[in-house]
Amino acid sequence: MIAAMIGIGTFLFCLIYSLANKEYKYSVYTILSMALCFAIMGIELVPGLIGGMASMDSEAAIANMAGWSEKASISLNPFLRIKGEMDLYYFGASILFTAFLGFLLCSKEINAGFIAAALIFFGTTKAFVPIVKLLPLKQAFWMERFTPIAYCLLFISLMMWKKSKKIFIYFLVILIAMDCIPSLKFFEFDKDKIVTAQQGVINNEQRYLLKEGRAITENRFALMDLSTYGAFPSYIMSENYDDAVKYVFGWAHWGSSTLPNIVMINTAFEKGYYEYMFDRLLELGSDTVLIKKNLLKEKDFKKLNDSAAKLNYSLVLENENGYLYKLGYHGTFGTISSYNNIAIGSTSDYISFIYPDFKKGKSININDYSYEELKNYKRIYLSGFTYSNRNEAEKMIDKLGRSGVMIYIDMNGVPVNRTTGIRSFLGIDAFDITFSRHYPEITYKGRNIIPKRFEGENAEWNTVYLGNLKNVYSYADFNGKKLDCIGTGENQNIYFIGFNLLYHDIETFDDSIRYIIDDIFECDGSILPKRELVRLDVDYKKDEIIINSYYDNVNTNIAFQDNFRSLKNIKTDNNLIIVDKGTTKLRIVYSYFKTGLIVTVIGIILEIVVLILFIKDNTNDECEEKF
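What counts, and where the lines are drawn
- Residues numbered from 1 in each chain as written.
- Predicted model: local features only at pLDDT ≥ 70, side-chain atom pairs only at ≥ 80, totals over all residues.
- Heavy atoms only, no water.
- Helix = DSSP H or I, 4+ residues; strand = E, 2+ residues; numbered from the N terminus.
- Buried < 20%, exposed > 50% of the residue type's maximum accessible area, 1.4 Å probe, protein only.
- Contact = heavy atoms within 4.5 Å.
- Areas by Shrake-Rupley, 256 points an atom, 1.4 Å probe, with all protein chains shown as cover.
- 1 Å grid on protein atoms, 1.4 Å probe; cavity = no way out; pocket = protein on both sides within 12 Å on 5 of 7 lines; lining within 4 Å.
- Points joined across faces, edges and corners; volume = space filled by probe spheres on them.
- Nonpolar A, V, L, I, M, F, W, Y, C, P; charged D, E, K, R; others polar.
- Axes fitted to C-alpha atoms, helices over the stretch in contact; angles between N-to-C directions.
- Parallel < 35°, antiparallel > 145°, perpendicular 65-115°, else oblique.
- Left-handed = near helix turned anticlockwise from the far one by under 90°.
- Patch = residues over 30% accessible without salt bridge, like charges linked within 9 Å, V, L, I, M, F, W, Y side chains within 5 Å.
- Salt bridge = Lys/Arg side-chain N within 4 Å of Asp/Glu carboxyl O.
- Phe/Tyr/Trp six-rings, centres within 6.5 Å; stacked < 30°, edge-to-face > 60°.
- Core = buried A, V, L, I, M, F, W, Y, C linked by side-chain atoms within 4.5 Å.
- Polar contact = N/O pair within 3.5 Å; in protein donor to acceptor, adjacent residues only side chain to side chain.
- Pairing = 2+ DSSP bridges.

A. Geometry of the overall build of the chain. Across its full length, the chain holds 24 helices and 24 strands. Per-residue burial over the chain gives 47% buried out of 627 residues. Partitioning the contacts of the chain with sequence separation of at least 6, the portion at a separation of at least 24 is 68%. Counting only carbon and sulfur atoms, one obtains 57% of the accessible surface of the chain, whose full area is about 31500 Å².

Shown next as structure tokens:
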């Protein structure tokens, strides 16, 4: 990940330099040499890319990445540091000031570093996050981590600025040094309270109930702290290898195959959907759950406790920092699960916050499912879906509706019909519209509803209204025009939904919108998936995992990895391994070894070729004279 970030930073610098100076030769050599260095590491890099960054769920990565950005009013405010707020991200007002001065005053030959540093700063702001969705390799754009790279690029240009007066350079360096002072923590330290790293870990164990949580964990430990405790909980849980406790999250969990699961659980915790949180933690095998207290609203404790009790978790310990819950089951276990409903599409799984009995589909492409596979579900929710064959997808969905399955289609983000150029599905069209600050008054089955206002970043609500509905159940009058937002077409069992109503409900807990959603879905939010806890024995060896199951179709709560091999057919569900009755042996192999070796050999050969070409072409280097 860091290597990719350095590569992106270098590419940005070289691109700006080349465009400004109309000289591309040395930039091309630099980028080629760097790329081929990565290729030389192919034997290690290829498995890491295919099984890591390249396979990372992009939507989950973007959701996680939003936490690695900050408002400019905070990241450029040194007074927050002076007040002692050290946990807030600070880019450096002096750095941006220097970048702008360099851009305005220096020659185009050396301003690439100044421009790159400024662009990276803009990338660290909250406003940049939506733009990331449009970029290739978006998983690497965790912009706060680019900050040291921005500093390096800026100082490269600063050192190359030889035509500037020394007194001016001294002024900028002193300004930057002064800007660093509030970030120094020397003044906060009381030498009498300084402890060793080991003693610090011991203190944290006791202070945050981690020691107690580790002691009672039998299957898997989960810490709901939104990563605010940093890396030390992962160290504490695995401090002694022979006595290590399996841990749901782990530090750097964004590289895990269960990242989508983890992001959804964290989001549910933040928004207060605790039944979903405990249910999905149970699916991941958590028999012990530690909740960081100050992340929980005081009024939410009863809701949290009731949700825990519903899933058979009980509060066993509490202190000023957290609540520790333990599952009423002893020993290691797997789960046998069944759902009544399914959600298909990149944005469909959010419905599970409201109705946890919706299962996340295996693919966002409707054509990846068969009629036989879907006909046993009571309800199907489609949101952010795709298809490879529209006619086949429409035929199957229509057939499912006519067979009695209730289908609900969120028309936001429906693919564009290539024939008409309009976003449509099953003959129903979706037209873009933006509401500012609030919805217009909505009429639903003759009842007038005034929803809550849009707040913060959602103040401008980009959504769709519907066309060609045969039966309209809800509409709104907007600027003298009737906008349909809920209804059906020819098939009475297929509902089309506009206005992004469900997402608004999830964000705001709007009772008026929940009334509409509950009525059309005819679904009870208190119903959870059926999960039977069953005995499961797992033996972890050096290069092998041996699983003994006493039942069929058992979720092992072990994350699937592409380097697992087994004589049995390995099944997966929601990124977790499913096994049948008997013994399943998972061998851990070196994935993509041959592919990686080929990439390494090719990288070495091409790097030698580039080096020879560079030496031959580098006989008249005039770079130094220009500066």
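B. Region of the structure containing empty space enclosed by the protein. Inspection of every chain in the model, using the stated rule, returns four cavities of 30 Å³ or more. By volume, the largest cavity is sized at about 150 Å³. The wall of the largest cavity is formed by 15 residues, among which Tyr-276, Arg-280, Glu-283, Lys-360 and Asn-574 lie closest to the centre. Of all the secondary structure elements, the ones that give two or more residues to the lining of the largest cavity are helix H15 (259–271), helix H16 (274–283) and strand S7 (358–360). A class-by-class count of the residues in the lining of the largest cavity yields five nonpolar, four polar and six charged. As a volume, the second largest cavity reaches approximately 120 Å³. Taken together, 13 residues form the lining of the second largest cavity, with Asp-225, Ser-227, Tyr-247, Phe-249 and Gly-250 sitting closest to its centre. Split into classes, the residues belonging to the lining of the second largest cavity amount to six nonpolar, six polar and one charged.

C. Representation of the layout of surface pockets. Considering only enclosed or pocket space, the second largest pocket measures out at about 820 Å³ in volume. Arg-220, Val-245, Lys-246, Tyr-247 and Tyr-540 are the residues nearest the centre of the second largest pocket, which is lined by 23 residues in total.

D. Spotlight on the packing of helix H1 (residues 2–21) against helix H2 (residues 25–40). At a closest axis distance of 9 Å, the pairing of H1 and H2 adopts a crossing angle of 170 degrees. Comparing their axes, H2 and H1 come out roughly antiparallel. H1 and H2 meet at a crossing whose hand is left-handed. Of the residues in H2, those in contact with Ala-3, Ile-6, Gly-7, Thr-10, Phe-11, Cys-14, Tyr-17 and Ser-18 of H1 are Ser-27, Thr-30, Ile-31, Met-34 and Phe-38.

E. Geometry of unusual backbone geometry. In this structure, Asn-312 is a non-glycine residue whose phi angle is positive, near 75 degrees. Positionally, Asn-312 belongs in the loop between helix H17 (301–310) and strand S3 (313–318). The backbone phi angle of Phe-499 is positive, close to 65 degrees, even though this residue is not glycine. Along the chain, the position of Phe-499 falls in the loop between strand S17 (494–497) and helix H21 (501–508). By relative accessible area, which is 0% here, Phe-499 ends up buried.

F. How the structure looks around a nonpolar patch on the surface. A grouping of Tyr-590, Phe-593, Leu-597, Val-601, Ile-605, Val-609 and Leu-613 is seen on the molecular surface, where their side chains present a nonpolar patch of about 630 Å² in accessible area. Residue position: Val-601 is located in helix H23 (residues 593–617).

G. Highlighting the packing of aromatic side chains. Tallied over the full model, the rule gives 39 aromatic pairs. Each ring, one from Tyr-387 and one from Phe-425, has its centre 6.1 Å from the other, and the planes form 25 degrees; the classification is stacked. Taken as a pair, Tyr-387 in the loop between strand S8 (379–382) and helix H20 (390–402) and Phe-425 in strand S10 (residues 423–425) lie far apart in primary sequence, 38 residues in all. Taken together, a centroid distance of 5.7 Å and an interplanar angle of 90 degrees make the contact between Tyr-590 and Phe-593 edge-to-face.

H. View of the nonpolar core. Counting 64 residues, the largest nonpolar core has Met-277, Phe-499 and Phe-521 as the members making the most contacts within it. If one sorts the elements of this core by residue count, H16 sits on top with six residues. With residues near it in sequence (within four places) discarded, Met-277 still touches Met-224, Ile-265, Ala-268, Phe-269, Ile-291 and Leu-304.

I. Spotlight on the environment of Thr-228. On the secondary structure map, Thr-228 appears in the loop between strand S1 (221–224) and helix H14 (232–237). The class for Thr-228 is partly exposed, based on a relative accessible area of 44%. A sequence separation of 67 residues divides Thr-228 from Leu-295, and the C-alpha atoms of the two residues are 9.7 Å apart. Once residues within four sequence positions are removed from consideration, Thr-228 is found in contact with Lys-292 and Leu-295. Only 2.6 Å separates the side chain of Thr-228 from the backbone oxygen of Asp-225, close enough to count as a polar contact.

J. Highlighting the pattern of salt bridges. Counted under the stated rule, the structure contains 21 salt bridges. Glu-218 is paired through a salt bridge with Lys-326; the nearest N and O atoms lie 3.3 Å apart. Linking Glu-218 in the loop between helix H13 (210–216) and S1 with Lys-326 in strand S4 (residues 322–327), this pair joins segments that are 108 residues apart in sequence. Residue classification places Lys-326 among the buried residues on the basis of a relative accessible area of 10%. With a shortest N-O distance of 3.0 Å, Asp-519 and Lys-445 are connected by a salt bridge.

K. Main features of the sheet that holds strand S2 (residues 288–292). If you trace the four strands from one edge of the open sheet to the other, you get S1-S2-S4-S3, paired in mixed fashion. The two strands at the open ends of the sheet, each matched to only one other strand, are S1 and S3. Each strand axis lies, on average, 25 degrees off the axis of its neighbour in the sheet, ignoring direction. Relative to S2, S1 runs parallel, the two being bridged by four bridges. Of the residues in S2, the one forming a bridge with Leu-223 is Leu-290. Taken strand by strand, H17 contacts S2, S3 and S4, and its axis lies near 15 degrees from that of S4.

Purely geometric numbers; function is a separate question.
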